[in-house]
Amino acid sequence: MTVSPNTLRAARRLVVKIGSALLVDETDGRIRRAWLDALADDVAACRARGQEVVVVSSGAIAVGREHLGLVGRPLRLEEKQAAAATGQIRLAHAYQETLARHGLTVAQVLLTLDDTEDRRRHLNGRATLETLLRLGAVPVINENDTVATAEIRFGDNDRLAARVAQMISADTLVLLSDIDGLYTADPRKDPDAVLIPEVRELTSEIEGMAGEPPPGYSSGGMVTKIAAARIAIAAGCRMAIAKGKRMNPLAALDHAPEEGGAPCTWFLPAGEPLTARKRWIAGHLAPAGALVVDEGAAAALRRGTSLLPKGVVGVEGDFERGDLVAVRTAGGRVVARGLSAYSAMDARLILGHHSQEIAEILGWRGRDEMIHRDDMVLA
């Protein structure tokens, strides 16, 4: 059976963003457990068909403020941080309990804007998430509100989810909202507003269709979702805006609307995630140094392999882990560019050695590859 490209079934690595208004009851600040259980059933179904799933969840402040008596008024920054500290543990426990019904392990990950902007912290975060996914866990991510400040906060989890999708080269991002997609106008005010099922380019006209955020716990509106779409599309990741208040909101996206699935809006990129990532490596970074390789390693790279320390014969420049470096032969011929998994200092120590010797030489175990093929573009 052919799977429609605009369905959840076409995803391989999926990021799902859940807003506070969906997860938390505004009247008493309690987690909507029946809804969360239904969502967990959806996540388990995705995992059962071989899809990797990452959840980006709001709700910590909304849950915690009730327990601290911080209701009925806007919160100061330090009060939000205190509420997050209280609510985050309850939120993580709820996810752990509901996914445990399916034998799934939950991993809590807290991120700030700096964690995605700083290259080394970005790589550390990506490596952690990649490892959790490889080990079969479901990472549940939230902005680290307990330490973030007004200057570095995302302010909404739509853009955080898009950054996470970009970080792990996800191919699908779903923003569960209180609305079932992008309309030509605000459907709450304009009865003639029409849902747009597919967007292939973020034009000024599309951006002009975004309205004001809804009242309540939600901090994001269509403006932040369009901003998230811009990030996702640039990373080669398709994105859906879908109504989340229904039970089993992910299962509702298993089929296209014309096949009985829920209405939504899909934002479609021009390229695949890896293709977009490699275009970024190839065209937008200046090398901070170089790894000199022997002819055997150069030939192996042309066959599509990663660069191992054994094939490196020299290191030029002073670069850090995650910096872009050129890969060239002793004769000066550049064969590739890529993101180094080691600093120049560490690379000099392990060059010419087998990967299994890295831990003994450095005193810690890093990646087997000096540059992984997913982080490399051939010249």
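My aim in this report is to walk through the structure given alongside it, one point at a time.

What counts, and where the lines are drawn
Residues numbered from 1 in each chain as written. Predicted model: local features only at pLDDT ≥ 70, side-chain atom pairs only at ≥ 80, totals over all residues. Heavy atoms only, no water. Pairing = 2+ DSSP bridges. Helix = DSSP H or I, 4+ residues; strand = E, 2+ residues; numbered from the N terminus. Axes fitted to C-alpha atoms, helices over the stretch in contact; angles between N-to-C directions. Parallel < 35°, antiparallel > 145°, perpendicular 65-115°, else oblique. Contact = heavy atoms within 4.5 Å. Nonpolar A, V, L, I, M, F, W, Y, C, P; charged D, E, K, R; others polar. Phe/Tyr/Trp six-rings, centres within 6.5 Å; stacked < 30°, edge-to-face > 60°. Buried < 20%, exposed > 50% of the residue type's maximum accessible area, 1.4 Å probe, protein only. Left-handed = near helix turned anticlockwise from the far one by under 90°. Expected span 1.5 Å × (residues − 1). Salt bridge = Lys/Arg side-chain N within 4 Å of Asp/Glu carboxyl O. Core = buried A, V, L, I, M, F, W, Y, C linked by side-chain atoms within 4.5 Å.

**Brief notes about the sheet that holds strand E11 (residues 324–329)**
For step 1, the next point in the chain: Overall, mixed pairing links the five strands, which are arranged E10-E9-E11-E12-E13 in an open sheet. The sheet is open, and its two edges are formed by strand E10 (312–317) and strand E13 (376–378), each paired on a single side. On average, each strand axis in the sheet is tilted by 20° relative to the strand beside it, whichever way the strands run.
For step 2, the next point in the chain: Looking at chain direction, strand E12 (residues 334–339) and E13 are connected through three bridges and run antiparallel. By the bridge assignment for E13, Ala-336 is matched with Leu-378.

**Side note on the packing of helix H3 (residues 60–67) against helix H4 (residues 77–100)**
For step 1, the next point in the chain: Interaxial distance between H3 and H4 falls to 6 Å at its minimum, and their mutual angle equals 100°. Here H3 is positioned roughly perpendicular relative to H4, judged by the angle of their axes. Counting all contacts with H3, which are made through Ala-60, Ile-61, Val-63, Gly-64, Arg-65 and His-67, the residues of H4 involved are Lys-80, Ala-83, Ala-84, Thr-86, Gly-87, Gln-88, Arg-90 and Leu-91.
For step 2, the next point in the chain: Class assignment for the residues of the contact of H3 with H4 results in six nonpolar, five polar and three charged.

**With respect to the packing of aromatic side chains**
For step 1, the next point in the chain: Under the definition given, this model contains one aromatic pair.
For step 2, the next point in the chain: Taking 5.8 Å as the distance between ring centres and 35° as the angle between the ring planes, the aromatic pair formed by Tyr-342 and Trp-364 counts as tilted. Pair noted here: Tyr-342 is in the loop between E12 and helix H12 (344–350) and Trp-364 is in the loop between helix H13 (358–362) and E13, with a separation of 22 residues, a long-range link.
For step 3, the next point in the chain: Classification of Tyr-342 by relative accessible area gives buried; the value is 1%.

**Digging into the packing of helix H2 (residues 33–48) against H4**
For step 1, the next point in the chain: Interaxial distance between H2 and H4 falls to 9 Å at its minimum, and their mutual angle equals 55°. Here H2 lies oblique to H4, going by the angle between them. Note on packing geometry: the crossing formed by H2 with H4 is right-handed. Of the residues in H4, those in contact with Arg-33, Leu-36, Asp-37, Ala-40 and Val-43 of H2 are Ala-94, Tyr-95, Glu-97, Thr-98 and Leu-99.
For step 2, the next point in the chain: Its residues assigned to classes, the contact of H2 with H4 comprises six nonpolar, one polar and three charged.

**Quick notes on helix H9 (residues 222–234)**
For step 1, the next point in the chain: The first and last C-alpha atoms of H9 sit 18 Å apart over 13 residues, in line with the 18 Å expected at 1.5 Å per residue.
For step 2, the next point in the chain: Considered for burial, the residues of H9 that qualify are Met-222, Thr-224, Lys-225, Ile-226, Ala-228, Ala-229, Ile-231, Ala-232 and Ile-233.
For step 3, the next point in the chain: Along its buried surface, H9 packs onto helix H7 (157–167), strand E5 (172–177), helix H8 (204–207), strand E7 (238–243) and strand E8 (264–267).
For step 4, the next point in the chain: Looking at the residues trailing H9, positive phi occurs at Gly-236, about 80°.

**Description of the pattern of salt bridges**
For step 1, the next point in the chain: Per the stated rule, a full pass over the model turns up 21 salt bridges.
For step 2, the next point in the chain: Glu-52 is the salt-bridge partner of Arg-13, the closest N and O atoms lying 2.7 Å from each other. Within this pair, whereas Arg-13 is found in strand E1 (residues 13–18), its partner Glu-52 is found in strand E2 (residues 52–57), the two being separated by 39 residues in sequence.
For step 3, the next point in the chain: For Arg-13, a relative accessible area of 14% puts it in the buried group.
For step 4, the next point in the chain: Glu-52 sits in the partly exposed class, given a relative accessible area of 24%.
For step 5, the next point in the chain: Here Asp-254 makes a salt bridge to Arg-49, at a shortest N to O gap of 2.7 Å. Of this pair, Asp-254 sits in the loop between E7 and E8 while Arg-49 is found in the loop between H2 and E2, placing the two residues 205 residues apart along the sequence.
For step 6, the next point in the chain: The class for Arg-49 is partly exposed, based on a relative accessible area of 29%.

**A few points about the nonpolar core**
For step 1, the next point in the chain: In terms of nonpolar packing, the biggest core is built from 44 residues, with Ile-18, Leu-23 and Leu-176 touching the most fellow members.
For step 2, the next point in the chain: Counting residues per element, this core draws most heavily on H2, at seven residues.
For step 3, the next point in the chain: Beyond its immediate stretch of four places on either side in the chain, Ile-18 contacts Leu-23, Trp-35, Leu-39, Val-55, Val-56, Ser-57, Ser-58, Tyr-95 and Leu-176.
For step 4, the next point in the chain: Ranked by size, the runner-up nonpolar core spans 42 residues in total, among them Val-164, Leu-202, Ala-210 and Ala-232.

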